[in-house]
Amino acid sequence: MNEIKKYDCAIVGGGLGGLTLAIQLVKSGRSVILFEKETYPYHKVCGEYIAMESWNFLERLGLPLSKMQLPKITRLQISSPNGNLIKHNLNPGGFGISRYTIDFELSKIAKAAGVILLENTKVTDVDYSENTFTIKTSAGNYESEMCCGAYGKKSNIDIKLKRDFVNKPLGKINNVVGAKYHIKLNFPDDLIELHNYKDGYCGISKVDGDKYCICYLTTAKNFEANNNSIEQLEENEIKKNPFLKKYFNEAEFLWEKPVVISQVNFSKKTCIENHIIMIGDTAGLIAPLCGNGMSMAMNASKILANLLEAYFKGNIRREQLELTYTNLWKQNFTGRLFIGRTIQQFFGNETLTNMFIASMKPFPGLVKKLIRSTHGVPF
Ligand SMILES: Cc1cc2nc3c(=O)[nH]c(=O)nc-3n(C[C@H](O)[C@H](O)[C@H](O)COP(=O)(O)OP(=O)(O)OC[C@H]3O[C@@H](n4cnc5c(N)ncnc54)[C@H](O)[C@@H]3O)c2cc1C
């Protein structure tokens, strides 16, 4: 009888967190299997602005960013629903790259390095018993010694694991709808703009291939009030902001319909569940207006890869790994998530956002401090 192969590590979800973790582990000689329910390349709802803190990390993994002619983004403009505008420099800022491109390129690096990457394979459940995980998927069952959850903002697995945040009553912070288009627009390459409208905000910046990403969020309540219609939401709410009205009217939309996600949840989460170690949005999602979720996912993958290496070398046990990872995760990300969640609560509230922008405008030092508190350092 054939014995089922036991991998050193199984990773659920091949976004930026899962892919970068897989590449690091396999480069250290570990056997890694990664499950991704979609097939690369594919579009994903995301603002597609990556903070510079990730640049060197991605290049070290083998992604030649310097040769990809990517737009460098060094200026930020934020408007309130009534059109009041704050301008600020971003130092060191970020770069624009579509998820279609970056996830696909990383998936190729992962496969070439030896990761067993199963696309179009949905994980349906994960069990843990006697130092072994059994990962149940649409393509059969697999076994591993370690298992990492990198399955993003929401997944069927959260319900299976009975995670606390799943059962909280739905509200402004945990029931959000997001949408994204690629467009052509006469817009500066080095600028990211964030424009508020009633119960939502919308970001615009350049990505690879001479395109711009336009991505917005709103509460499920606001979406329902617009008959769950993207067209009505854009017409009735988004275009009330004078900047957004201009861009929506002038842009050439490259897709007929946007990619859309619902039930986006910014609630607090835990980073270990039944010995599965969570990274990226699965451990905690930062409000997109902080522009840093992708870097946090990749930074967490680096922290975890180092600890897993110590575990596989026999230097630490499973309990120590889980405890140390939890502590490091909190040290690195809790503050940023708190600020992101606080801003997310009131951004979009017309009166509060108008007041906030008006009161911050005369104090660029405060704006700088706020931006810095949502960003990290190179890792
Ligand atoms: C509207 C919006 C705008 C944003 N804008 C920005 C921005 O400009 N800059 C920034 O840095 N961050 C931004 N973010 C946040 C950023 O997108 C995330 O923080 C980042 O993608 C997290 O990476 P991840 O690897 O954790 O998850 P993801 O990139 O979401 O990857 C998770 C993967 O898991 C797969 N998956 C899910 N369930 C299963 C399953 N059961 N089996 C197998 N595979 C599964 C999914 O298909 C997906 O590919 C934004 C988020 C939103 C909602």
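Another aspect to go through is the pattern of salt bridges. Across all of its chains, the model carries 20 salt bridges by this definition. Between Glu237 and Lys198 there is a salt bridge, with its nearest N and O atoms 3.9 Å apart. Note that Glu237 is positioned in the loop between α6 (230-236) and α7 (242-250) and Lys198 in the loop between β11 (191-197) and β12 (200-207), a separation of 39 residues in sequence. For Lys198, a relative accessible area of 32% puts it in the partly exposed group.

Helix α3 (residues 99-113) packs onto helix α1 (residues 16-27) with a crossing angle of 25° between their chain directions and a minimal axis gap of 9 Å. It follows that α1 is roughly parallel to α3 by the angle criterion. α1 and α3 meet at a crossing whose hand is left-handed. Here Leu16, Leu19, Thr20, Ile23 and Val26 of α1 come into contact with α3, specifically with Arg99, Ile102, Asp103, Leu106, Ser107, Ile109, Ala110 and Ala113. For the contact of α1 with α3, a count of residues per class yields 9 nonpolar, 2 polar and 2 charged.

As for its position among the elements, Gly18 is in helix α1. For the pair Gly18 and Phe356, spaced 338 residues apart in sequence, the C-alpha separation works out to 37 Å.

Moving on, we come to the packing of aromatic side chains. In this structure the tally under the stated criterion is 12 aromatic pairs. When the ring of Phe187 is compared with that of Tyr247, the centres are 5.6 Å apart and the planes differ by 80°; the resulting orientation is edge-to-face. A residue pair is termed long-range when its members are at least 10 positions apart, and Phe187 in the loop between β10 (176-184) and β11 and Tyr247 in helix α7 qualify at 60 residues. Between the aromatic rings of Tyr216 and Phe248, the centroid separation amounts to 6.4 Å while the plane-to-plane angle is 55°, which identifies the pairing as tilted. In this pair, Tyr216 is assigned in strand β13 (residues 211-219) and Phe248 in helix α7, connecting sequence segments 32 residues apart. Overall, Tyr216 belongs to the buried group, its relative accessible area being 2%. For Phe248, a relative accessible area of 7% translates into the label buried. Linked through ring pairs, Tyr181, Tyr216, Phe248 and Phe253 together constitute an aromatic cluster. Over the face of the ring belonging to Trp55 we find Lys72, whose NZ or CZ atom lies 4.7 Å from the ring centre. Above the plane of the ring of Phe104 lies Lys108, whose end atom (NZ or CZ) is 4.5 Å from the centre.

Turning our eyes to something else, we now look at unusual backbone geometry. Pro41 follows Tyr40 through a cis peptide bond whose omega is -10°. Locating Pro41 in the fold gives a position in the loop between β2 (32-35) and β3 (49-51). Of note, the amide linkage connecting Asn91 to Pro92 takes the cis form, showing an omega dihedral of 10°. When you line up the elements, Pro92 lands in strand β5 (residues 85-96). For Asn227, which is not glycine, the phi dihedral falls at a positive 55°. Here Asn227 is to be found in the loop between α5 (220-225) and α6.

About the criteria used
- Residues numbered from 1 in each chain as written.
- Predicted model: local features only at pLDDT ≥ 70, side-chain atom pairs only at ≥ 80, totals over all residues.
- Heavy atoms only, no water.
- Salt bridge = Lys/Arg side-chain N within 4 Å of Asp/Glu carboxyl O.
- Helix = DSSP H or I, 4+ residues; strand = E, 2+ residues; numbered from the N terminus.
- Buried < 20%, exposed > 50% of the residue type's maximum accessible area, 1.4 Å probe, protein only.
- Axes fitted to C-alpha atoms, helices over the stretch in contact; angles between N-to-C directions.
- Parallel < 35°, antiparallel > 145°, perpendicular 65-115°, else oblique.
- Left-handed = near helix turned anticlockwise from the far one by under 90°.
- Contact = heavy atoms within 4.5 Å.
- Nonpolar A, V, L, I, M, F, W, Y, C, P; charged D, E, K, R; others polar.
- Phe/Tyr/Trp six-rings, centres within 6.5 Å; stacked < 30°, edge-to-face > 60°.
- Lys NZ or Arg CZ within 6 Å of the ring centre and 35° of its normal.

What is shown is where atoms sit, not what they do.
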